[in-house]
Amino acid sequence: MRILRHFVFLSLGLLFLLGAAAKPSRPMVIAVSTEPSTLDGQAVIDRNSRVASGNIFESLLDRGANGQVITWLAESYKPVNDTTWRFRLRKNVKFHNGEPFNAEAAAFSVNRIVDKEYKTQRASYIENIKGAKAVDEYTIDVTTDGANAVLPVQMTQLVMVPPKAAREKNFGVSPIGTGPYKFVRWDRGREVTLAANETYWREKPAVKEFAVRIIPDPQTQIAALQAGEIDLVLDLLPEQSKLAPKFISMPATEFSYIQFNAHKKELADPRVRVALNLAVDKETLAKTIYQGHARPMDAQHLAKGMLGYNPNLKPYPYDPKRARQLLKEAGYPEGFELVLHAPIGRYLKGEETSEFVAAQLKEVGVRVKLQLHEWNAYRQLGRIPGKEPNAFDLKYGWNSNEWFDASRIVSHITCDGTSSKLCNKKVDELMDKAIGTLDQKTREKLYQEVWAILNKEPHAIYLLQQNLIYGLAKRLQWQPRLDDEVRVAAMRTSE
Amino acid sequence: MNHFSLFAFALARLRDGLIVLFLVTLVIFVLGHVIGDPAVIMAPVDASERDIARLRHQLGLDRSFREQFVSYFGSLVRGDFGQSLWQDRPASTVVLEALPATVLLTFVGLVIAGLGGSVLGVLAGARPESVLDRSANFLSVAALSVPNFWFALVLIVIFSVHLAILPTSGFANWQSLILPAGALGVTHGARIFQLTRSATFEEMTKPYVLVARSKGLPQRLILWKHILRNIAVTIATTIGWEYVRMMGGVAFAIEVVFAWPGIGQLMIQAASRQDFPVLQAAVIVAGAFVIVTNALIDLLYRYLDTRIHAA
């Protein structure tokens, strides 16, 4: 027994020593919940992949602090005619492998991603882009299918790749870009390691090395943050925020809503759709379920500063009395029944929000039955095409507007939109006209008009602009971006 | 039992195992088609009907069910589990890369469970109602009652956040193995402890133990030589079953909590990415593992138990 006791004390002591020894300053670590599928910056769109690839690759254009489009690897750009945009490139930029960044590389990059055989997941980012060709060593022309007003937006995400290396089959596992960080190593199932690019064309990054570590469980992520093993957690739950050494709650480009099937008899009447908007107390929803990490959106899937935002619109007030009156006027004094569909485990607090809304609609007489679906079944609901009155009645979802641009909503509100259950000829006309208008001021006006129409004839119950909550280690100094890109070059550590 | 019959027995077990494995692939294949149209699942959110139809044709989903299964099974036999949709590499490569981490974790977990559970079980069973018996019994019941992922999180909070002596998660060095293997060891060791304890207790009352006692044999010798030998079959069977249970999900939950890069973590990620080929390959590999383990246990069982020899 005595030997056993000695053994226990000895091993405990050893463990403490190990713990103490394992504390020297370690490189920066960012946790993500899923492993990237590839590090080829042109192939994928999901955020967990972008945390690594977004620091390796750069585009001709980028976004500034307020989300505005700014020049990056291009020095300037302008439309030459309705279907051609000219970009003048920055000189003296090199890829990590030494290949020069020039018109040939830029044109190659555009043509690579638009090639149908390449099968990028960033399909919407290349829509209506035909291709590019070099004009001289540092100038390219990008051509579009018809006038395409959002080309600059698309170019903020179209990353530049080196022609020689990108033709190799292993580009996705040994990516090469022009960015502030170089790929070092990918330990499958564990982490991706990157190191500062010492020949970077801009200011050299302060953080010399960082790893993107895969930690699937959110509870483990926060524990690792508390234990000082990692520096940044991307998506904290509202109730976790106070456990983090530091947290930043950032309004995101995510808008939650409940879509109407406006082809269904009861919902075809705009008065009913307005009534349902009035029946939901968005303030309380944001304060309780999201603990303040969200705010009611201004009755449009846009926030201030995004192109097409209509400053005259405010959230519908919470007015159940007026809602009941509108329903009566529409001929439903006794209310009616609807089914609300929502996915399981997809959106933060999506199930709770759906229950909240269902309860509130019952208050004004609309008896809502909530149906929860596994994600794939839910997605198929949205695919029932065209003017189908028997498709879903109500559908909860989030719309992500990482374009900062009203054109992003087109598939949800136009007659033939793939996710649309609304048909209004005037809306279609305006949306059509806007995408072909290269003058941004005129375009803005057109979208504002669309939202004014949709305020009288809403396509959805407009709920919340959601926040993203970042958990930070004490030593990390960083301001998250509006576009939720994680740029390590902008990070500092206090040590 | 002579060598020939042992060999014949092993062959029969192999045949049974293959049949079970075949049924596993059939069930997986059927499930994959019941859950939903794979083409719709794989297509991007904004894909049109035409895109989906094209994908359906590319994947061969427009062929008859039987044709699809025959070609699917044919590829499996050739070792072709298809291409991972998420990683664009062969699904078998993706799964085999993750396998060693799972084997390491479950093996160490099983050693902890087996040694700890059986040693404590024998000691407790030999001295019923002693302090050791009461406390070990209490702890094992507690360990069996709480959900394993919750227990794992408690370990993390205690040892990593508060005491700060072990890493919370990952696969960086041997210290990273301690918590996940410990969590597995305790969860599974608890059941091994319970069974060993009652087997020992029962054995203690048998006449041969009384005889040994009356002959003046020391307790230590009685316990570790005679009793242990007689309950070895029970322990071996329990350990085998615990391994099956581990591979049947517990280890996977533990892997996810501890960010351990094994098959469990892989499967969760593959599921969230709709990567059916990887899921299928992982289930078949895990299934094969369980079947092989089962067969080995049966062989061991025959080897250990003299009564089965005679039969």
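Remember, predicted model here, so these are calculated numbers, not experimental data. (Residues numbered from 1 in each chain as written. Chains lettered and ligands numbered in written order. Predicted model: local features only at pLDDT ≥ 70, side-chain atom pairs only at ≥ 80, totals over all residues. Heavy atoms only, no water.)

**Student:** What is the right way to look at the overall build of chain A in this model?
**Tutor:** Secondary structure summary: chain A contains 16 helices and 19 strands in total. Taken against the 2.2 N^0.38 rule, which gives 23 Å for 495 residues, the C-alpha radius of gyration of chain A at 25 Å falls within 12% of a compact globule. Counting only C-alpha atoms and orienting by the principal axes, one finds that chain A spans roughly 80 × 80 × 35 Å. Counting only residues that meet the buried cut, chain A has 58% of its 495 residues in that class. Sequence-distant contacts, at least 24 apart, represent 70% of the contacts inside chain A between residues at least 6 apart. (Helix = DSSP H or I, 4+ residues; strand = E, 2+ residues; numbered from the N terminus. Rg over C-alpha atoms; globule rule 2.2 N^0.38 Å. Buried < 20%, exposed > 50% of the residue type's maximum accessible area, 1.4 Å probe, protein only. Contact = heavy atoms within 4.5 Å.)

**Student:** How should I be thinking about the state of the cysteines in this particular structure?
**Tutor:** Two cysteines joined by a covalent bond between their sulfur atoms form a disulfide. Residues and elements named next belong to chain A. According to the stated counting rule, one finds one disulfide over all chains in the structure shown. Between the sulfur of C415 and that of C423 lies a disulfide, 2.0 Å long from S to S. Handedness here is read from the sign of the S-S torsion; for C415 and C423, about 90°, the answer is right-handed. Relative accessible area serves as the criterion here: at 31%, C423 is assigned to the partly exposed category. (Disulfide = S-S within 2.5 Å.)

**Student:** Explain the interface of chain B and chain A here, please?
**Tutor:** Accessible area lost on assembly of the parts is the figure often given for the size of an interface. With 39 residues of chain B in contact, the opposing surface of chain A contributes 32 residues. Of the roughly 3,100 Å² buried between chain B and chain A, counting both surfaces, carbon and sulfur atoms make up 54%. Three residues stand out in chain B for area buried against chain A, namely I165, Q269 and R273 of chain B, and they jointly supply 17% of the buried area on that side. Our count for the chain B to chain A interface comes out at zero salt bridges. Counting across the chain B and chain A interface gives eight residue pairs in polar contact (both at pLDDT 80 or more). Put simply, the parts of the chain that give the side of chain B that touches chain A at least two residues each are α2 (38-42), α3 (49-58), α7 (148-162), α8 (175-204), α10 (219-257) and α11 (263-272) of chain B. For the side of chain B that touches chain A, the residue count by class is 23 nonpolar, 10 polar and six charged. (Buried area = accessible area lost by both parts, 1.4 Å probe. Salt bridge = Lys/Arg side-chain N within 4 Å of Asp/Glu carboxyl O. Polar contact = N/O pair within 3.5 Å; in protein donor to acceptor, adjacent residues only side chain to side chain. Nonpolar A, V, L, I, M, F, W, Y, C, P; charged D, E, K, R; others polar.)

**Student:** What's the story with the side chain of N401 of chain A in this structure? I'm lost.
**Tutor:** Residue and element names in this part refer to chain A. Note that N401 resides in the loop between β16 (394-400) and α14 (410-413). When its relative accessible area of 1% is taken as the criterion, N401 is described as buried. Side-chain polar atoms of N401 contact the backbone nitrogen of F404, separated by 3.1 Å. Side-chain polar atoms of N401 contact the backbone oxygen of D405, separated by 3.1 Å. In this structure N401 touches T253, F255, H301, L302, M306, A406 and R408, once residues within four positions along its chain are discounted.

**Student:** Mind showing me how you'd approach unusual backbone geometry here?
**Tutor:** With the exception of glycine, most residues fall at negative phi, and the peptide bonds are largely trans. All names here are of chain A. Positive phi outside glycine occurs at K349, with the angle close to 60°. The topology assignment puts K349 in the loop between β14 (336-343) and α12 (350-363). The backbone phi angle of D484 is positive, close to 50°, even though this residue is not glycine. Using a relative accessible area of 11% as the deciding quantity, one classes D484 as buried.

**Student:** Looking at this structure, how should I read the confidence of the model for chain B?
**Tutor:** Detailed reading of the predicted model is not advised wherever pLDDT is low. On average, residues of chain B carry a pLDDT of 85, and 93% of them reach 70 or more. Model confidence for the complex: the whole-complex pTM is 0.86, and ipTM, which rates the interface, is 0.83. (pLDDT = per-residue confidence, 0-100.)

**Student:** So what exactly am I meant to see when it comes to the environment of V150 of chain A here?
**Tutor:** Within the element layout of this structure, V150 of chain A appears in the loop between β7 (139-144) and α5 (151-155). Through-space distance from the C-alpha of V150 of chain A to that of G436 of chain A is 9.1 Å; in sequence the pair is 286 residues apart.

**Student:** What is the right way to look at the packing of aromatic side chains in this model?
**Tutor:** When we look at a pair of aromatic rings, we describe it by the centre distance and by the angle of the planes. Residues and elements named next belong to chain A. Scanning all chains against the criterion turns up 25 aromatic pairs over all chains. Between W72 and W201, the ring centres sit 5.8 Å apart and the planes meet at 75°, which makes this aromatic pair edge-to-face. Remark: W201 occurs in the loop between β9 (191-196) and β10 (209-214) and W72 occurs in the loop between β3 (69-71) and β4 (74-81); sequence separation between them is 129 residues. A residue is classified by how much of its surface remains accessible, and W72, at 14% relative accessible area, is buried. With relative accessibility at 22%, the residue W201 sits in the partly exposed group. Here Y347 and Y396 contribute two aromatic rings whose centre-to-centre distance is 6.0 Å and whose plane-to-plane angle is 80°, an arrangement assigned as edge-to-face. With Y347 in the loop between β14 and α12 and Y396 in strand β16, this residue pair connects regions lying 49 residues apart in the sequence. Looking at Y396, the relative accessible area reads 0%, which means it is buried. (Phe/Tyr/Trp six-rings, centres within 6.5 Å; stacked < 30°, edge-to-face > 60°.)

**Student:** What is the right way to read helix α15 (residues 425-435) of chain A from this model?
**Tutor:** One turn of the α-helix equals 3.6 residues, which is why residues spaced by three or four share an orientation. Residue and element names in this part refer to chain A. The set of residues buried in α15 consists of V427, D428, L430, M431 and A434. The elements touched by buried residues of α15 are α14 and α16 (440-456). N-cap assignment for α15: the residue whose side-chain oxygen lies 2.9 Å from the backbone N of K426 is N424.

**Student:** When you look at the pattern of salt bridges in this model, what are you seeing that I'm missing?
**Tutor:** Here the idea is simple: oppositely charged side chains can pair when their charged atoms come close. Inspection of the entire model under this criterion finds 30 salt bridges over all chains. The residue E239 of chain A makes a salt bridge to K349 of chain A at a minimum N-O spacing of 3.0 Å. Here E239 of chain A, found in the loop between β11 (232-233) and β12 (246-260), pairs with K349 of chain A, found in the loop between β14 and α12; they are 110 residues apart in sequence, far enough to count as distant. The class of K349 of chain A is buried, set by a relative accessible area of 16%. Residue D133 of chain B is joined to R197 of chain B by a salt bridge in which the shortest nitrogen-to-oxygen separation is 2.6 Å. Of this pair, D133 of chain B sits in helix α6 (residues 131-145) while R197 of chain B is found in helix α8, placing the two residues 64 residues apart along the sequence. Summarising the burial analysis for this pair, D133 of chain B and R197 of chain B share the class buried. Each of D62, R481, D483 and R487 of chain A takes part in a single network of salt bridges with overlapping partners.

**Student:** It is not clear to me how the environment of A39 of chain B should be interpreted in this structure. Could you clarify?
**Tutor:** Residues and elements named next belong to chain B. Structurally, A39 is set in helix α2. Placed 220 residues apart in sequence, A39 and A259 show a C-alpha to C-alpha distance of 30 Å. In this structure, A39 is in contact with I52, L55, R56, L59 and L61, ignoring residues within four places of it in sequence.

**Student:** Would you explain the nonpolar core in this entry?
**Tutor:** Grouped burial of nonpolar side chains is what soluble globular proteins tend to show. All names here are of chain A. Core analysis: the biggest nonpolar cluster contains 69 residues, and L276, L361, V366, L394, Y396, I461 and L463 have the highest contact counts within it. If one sorts the elements of this core by residue count, α16 sits on top with six residues. Counting 68 residues, the second largest nonpolar core, distinct from the first, contains I140, Y181, L232 and V486. (Core = buried A, V, L, I, M, F, W, Y, C linked by side-chain atoms within 4.5 Å.)

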